[in-house]
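The primary structure of each chain is shown beneath.
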Amino acid sequence: MAEKIKLYDTSKCTGCRACQLACKQWNALPAGQTYNAGTYQNPPDLQSNTWMLIRFQEMSNGNGDVKWLFRKDACMHCTDAACIKVCPSGALFRTKYGSVALDRDKCIGCKECISACPFDVPRYDPVTDKIAKCDLCFSRIDRGMEPACVKACPTGALSFGDKDEMIARAHARVKELGGDANVYGDQFVGGTHMLYVLTEKPDVYDELPERPRVPLTVIAWKDWFKPLTLLAAGGVLAGSFIHYLTHGPKDTSGDDQAGGEGGE
Amino acid sequence: MTNHWNDIENSDCVLAMGSNPASNHPISFKYVTKAMEKGAPLISVDPRFTQTSARANIYAPLRSGTDIAFLGGMIKYILDNNLIHEKYVKAYTNASFLVNPDFKMPGENNGVFSGLVENKYDKSTWSYQTDADGVILKDPTLSDPNCVYRLLKKHYKRYTPEVVSNITGTPKDKLLAVYEAYTKTGKPGKAGTIMYAMGWTQHTVGVQNIRAMSIIQLLLGNMGVAGGGVNALRGESNVQGSTDMALLFHILPGYLKTPVASLQTLEEYNKKNTPATNEPKSLNWWKNYSKYMASLLRAHYGMNVTLEEAYNYLPKRDDGQDCSWLTLFDSMYKGKFSGLFAWGMNPACSGASSHKVRQALTQLDWMVNVNVYDNETGSFWREPGLDPSKIKTEVFMLPCSSFMEKEGSITNSGRWMQWRYKAVDSPGVAMPDGDIMTELFYRLKERYEKDGGPLADAVTRLTWDYGVKDGAGRIHHFDPDYVAREVNGYFLEDKVIGGVLYKKGTLVPSFGLLQDDGSTSSGNWLYCNSYTEKGNMAKRRGNEDKSHIGLYSDWAWCWPLNRRIIYNGASVDPDTGVPWDKKNPVIRWDGARWKGDVPDGVAAPGAGRPPFIMKPDGVANIFGPGLADGPFPEHYEPLECPIEENLLSPQFINPTIVRWDEVGTGTSVDARATCDPRFPFVCSTYRVSEHWQTGVLTRWAPWLAEMQPELFVEIGSELARLKGFKNGEHVMVKSVRGEVEAVAIVTDRYKPMKVAGMTVHQVGIPWHYGWVTTNMRKYVHGDKVPEVFTSGDSANLLTPFIGDPNTGIPESKAFMVNVERKGV
Amino acid sequence: MIPKKGMIKSTDAFERLVHWWLAITCIILILTGLGMMFHSFNFLGTPLGGLKNLKLVHNFTGLLFAPALFFAILIWWREAGVFKMPEDLEWIKVAGGYLWHVDDVPETGKYNPGQKAFFLAVAIFGILMVASGLIMWFPLSLPSGLVQWMYPLHALGMLVIFPFVLVHIYLGTIGVPGSARAIFTGYVTRSWAEKQCPGWLKEMEEEGRLEIYGEEKEEAAHG
């Protein structure tokens, strides 16, 4: 099965938020009471009941011109997914499409993925004691449909398709746009399965890591200490066995018979 | 829309002005994006940097209410630089017509056109010179000083970039950048489109805003071509349809005129309303007026009565009587109404100067509120602060089905009549509107039959064939399919036309076959052809684009006659029939007939028939004498504005508007504050993607309320600094008529403007909110409580009670306010 | 394993209680930890009704582990927490005679440097485990930069403690016969004591504090 990519082209996004709504609808996520904090962006951040949202950001340059940036924030579906690495239960798993899906039944609410994610995506729901995040509409793509957000997008800012084709399309679009436009996602964490075409440099965008990577802590934890533990424990067991065979037990009997080792 | 949504894709330049399609018509942006991908620039002209501006190649700010100055400057730019599509202008417009030499224009006549008497024009000088046979004199060289073209040039000579920039606040470089980009579409084969919405209509010069753009489109040859046209983005999915079906007081279905008292007979009425022309080659389609009227009367009354009787039954306005929104509510406010059906609307929030509307409702004896949810209109008597025991109005709530719970058609902005099916049953006792109306009709009819009354027959003899009838001739379930057929029309007797026999009871295939002798019916002549013997055309779902320009002619049905781009007769060279745009031809002549879209108005190439057949003279009007406020658009300041004079003329505001604010006629709710230091900031109302209209449907939808939970006011960073506002803090927005509490969104997307040498700040506020869905009110047993509360009341509590002289649409896009910290 | 006459008392009841308290919680923590550390050990959650319960058991066992650790440190830090130079160094040089033949293993006190190392590892990393574990339990209320580092530290603790525990079990059972008795009954044989903690034995004898099973205490244990 070919890997799939959701391509998000910020140059075509109008911030209409049809995607945000479609996400809630398909995933039956309830609304929460919100307040206006001086921005169109609402809910203010990803939540256990908000798996994706459009971030609104204003940017003024020196000559008085203003830009209004929209960015769809949701799971990036990394190939080197730190969340999968740290998930103790296998609840987070890679699908055959390359996306990172979540088996809610398996989630034990340990929140390890939350601190591991370089994009700050997973959210914890205290009511169900589980985490929640975009699963690239596994229930849809596994039936040959595009994710709900893509379906709802009126402008074509969102598209979904085979990995190579989407990457090629992204680069072609960036070439077309010129300037600071860039492809974001294929150069790190083994390549993401949500790919951005950004009109501005990545560091311009709020809450967007410039060079995201699997955190050192996760690497130390999972790539170093975890195998070392196995190695050490195995070594000790084997060593003990060999020691017992070659050295035998330590002789602690001596010549003192009082309290000899009965039953030995 | 003269064109349609998909057609935007064909455009070579998209101008979004008086609209914010990215937010409010998100689907349209699919086609805008496609046009942009093909290289078309998007221009956004708006006081506020919007979601549309965020995608635009050029953004130009302008002060609310100065669009005519902006567009007038563009007309001057076109004429000065000779960017017109010359052959088009000469053949298809009245540019060459010679105007009455007594006609005077504002530049030479103190800011008004000739003929102004008090606040009305005597239009006798707004006429053409004719020869002895009454044929209009023309100068094909466009050099006669009295020809329309020269007058146009003279009129807009005053609209220099400097003056325009000084009025609009648009920096001159931006102004010229817009002019340059857009006017490139004057080249034959190039098309520019305008997407406008309430940002143009809701002004005291609303109609003239659109006229100005129409003139530009004609000069550039952009009417009738693919990717061109003048495109109104409707504020509701079915506003086009409801207007076609006579939503407004001055029209009957199909834009026939409402009868007035002085026209006592059908003959007089037809004579008055059927235009005549002496132009030898003009088709003058409206000469068929009497056929459409006769067919309409037959649709109402069938063969029960004669056409003359049917005409007599029609209600008649007094001559010149204005029954538009503002007048109605002013009359209600003054106690002249006893009852009101508020059907699918929420005037307590949507009405300009909503305090006046809310007070007007208290003058009623009864009101019937038909809606999906409770709203501020139905519950006006229990608005926080009101004492219900002091209000006499008896209110009836009739829950009705939402659009998903009933069948029927909607006609979208592109004039496509599309059938929709019922998806789910209505909850509780809610009923489809058609069933409510049927029940109402039978009750009224019974009452009239029992008690009689003036013109009782007007009701008792109506046909009501909208479903399967029982033995007593009564229907029990309203079936919109029957309505669709009646709207199309039947032959009421066997009829031979052009050698073809049309049997009694069959559907009329086209409005060309409608008769004035009473042998045909048609509920709306424009929709004749929508339901033929082949079936309901609105149900068609063919998605093949045979035209290759996105006409999708087998998808649903489009009025008139499934013509997707109207005025397409002007898309070809008049002599050769070759399309101006060979890449995207709307129609083309194959030697024997026209191919492509349903041709509009054209005869064979070279035949000389002018294609604007809905105009008596067959050509499009650059000089438009039909409007109340002048044949050419002229800039006037909004009723409320920040500057003390009109920089173009001594006439400050539109002289023809109906005034309620003047001494002796109005009260505090009609008050006006122009150049008043208490209200120093220009304000516009607008919408957001997440809410619809007054929010009655969307405020109750938790997902939508979650995204836009609170009334906000957008304030420029500079102004916020001056006033000491912090982003996200609650402020009071006040006009002379009312105030609302809102969250301040402090933004760089509003910049101060330089107007008449002063710095002018503009703010903006959405109008979707209302007190019913807030948590500041009391909910009693039986009240639905929103899952997500919203906060804030209607922004229309601020807007002025004033409207356009032609349509009466209120000026809610330009008025003056102050913004203060809460509690000051 | 009932003590016989002549055996020497090496641990008191509280020591034994704390040891087993610590040992049992530690083993549960290790097992449940393994259940979450390796997907192939996820099955360890099955008898508990799933991994979620396993996590709960792990977390609450951690809460029980903490006081045991506290008492263990209190009890043993003097005897097992401080290296005595130079004899401990000498002992280390010959690996206590465990790995190759050594004619003369330097005498150690009650606990040899190997045991001291184990104690210190458990003490230091145990504290780390409790602290990091608590933070990992409630990660959302703390800065994520801090939380992030808790996971590798926790894993490092496992890396250190787990092998030590295995060694401890080996040497405490079949590796050094007679050791287990000390922590079950409190008594060891004299010969075991002579081999394992001759220094301590001498000291106790000199001070006359030695308690021998079946004999009246010659002197009341002072203080």
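A. Up close: the overall build of chain C. For chain C, the helix and strand inventory stands at eight helices and two strands. Ordered by position from N to C terminus, the α and β elements of chain C give β-α-α-α-α-α-α-β-α-α. Across its three principal directions, the C-alpha atoms of chain C cover 60 × 35 × 35 Å. Counted over contacts in chain C with a minimum sequence separation of 6, partners at least 24 positions apart contribute 69%. Total accessible area on chain C stands at roughly 11,300 Å², and carbon and sulfur atoms take up 69% of it. With 17 positive and 19 negative side-chain charges, chain C shows a spacing of 10 Å between the two charge centroids.

B. Structural context of the domain arrangement of chain B. Residues and elements named next belong to chain B. Taken as a whole, chain B is organised into domain 1 (1-124 + 132-237 + 564-635), domain 2 (325-460) and domain 3 (668-821). With 25 residues of domain 2 in contact, the opposing surface of domain 3 contributes 30 residues. Both faces combined, the contact of domain 2 with domain 3 buries some 2,300 Å², and carbon together with sulfur accounts for 65% of it. For domain 2, the biggest contributors to the area lost against domain 3 are L326, Y373 and E376; these three give 26% of the whole. Joining domain 2 to domain 3, the criterion identifies four salt bridges. The residue D783 makes a salt bridge to R382 at a minimum N-O spacing of 2.9 Å. For the side of domain 2 that touches domain 3, the secondary-structure elements that each account for two or more residues are α15 (325-333), α16 (347-350) and α17 (354-361).

C. Just the environment of D516 of chain B, in detail. All names here are of chain B. One can find D516 in the loop between β16 (500-502) and β17 (531-532). With 40 residues separating them along the chain, D516 and H476 place their C-alpha atoms 33 Å apart. Contacts of D516, omitting those with residues within four sequence positions, involve S290, K291, A294 and L307.

D. Layout of the environment of T33 of chain B. Mapped onto the elements, T33 of chain B comes out in helix α2 (residues 28-37). Put simply, T33 of chain B and I8 of chain B are 25 residues apart on the chain and 9.3 Å apart in space, counted from C-alpha to C-alpha. If near-sequence neighbours (up to four positions away) are discounted, T33 of chain B is found in contact with K12 and T155 of chain A. A distance of 2.4 Å separates a polar atom in the side chain of T33 of chain B from the backbone oxygen of F29 of chain B.

Scoring rules and cut-offs
Residues numbered from 1 in each chain as written. Chains lettered and ligands numbered in written order. Predicted model: local features only at pLDDT ≥ 70, side-chain atom pairs only at ≥ 80, totals over all residues. Heavy atoms only, no water. Helix = DSSP H or I, 4+ residues; strand = E, 2+ residues; numbered from the N terminus. Contact = heavy atoms within 4.5 Å. Areas by Shrake-Rupley, 256 points an atom, 1.4 Å probe, with all protein chains shown as cover. Lys, Arg positive; Asp, Glu negative; His and termini not counted. Charge placed at Lys NZ, Arg CZ, Asp CG, Glu CD. Domains from an automatic or database assignment. Buried area = accessible area lost by both parts, 1.4 Å probe. Salt bridge = Lys/Arg side-chain N within 4 Å of Asp/Glu carboxyl O. Polar contact = N/O pair within 3.5 Å; in protein donor to acceptor, adjacent residues only side chain to side chain.

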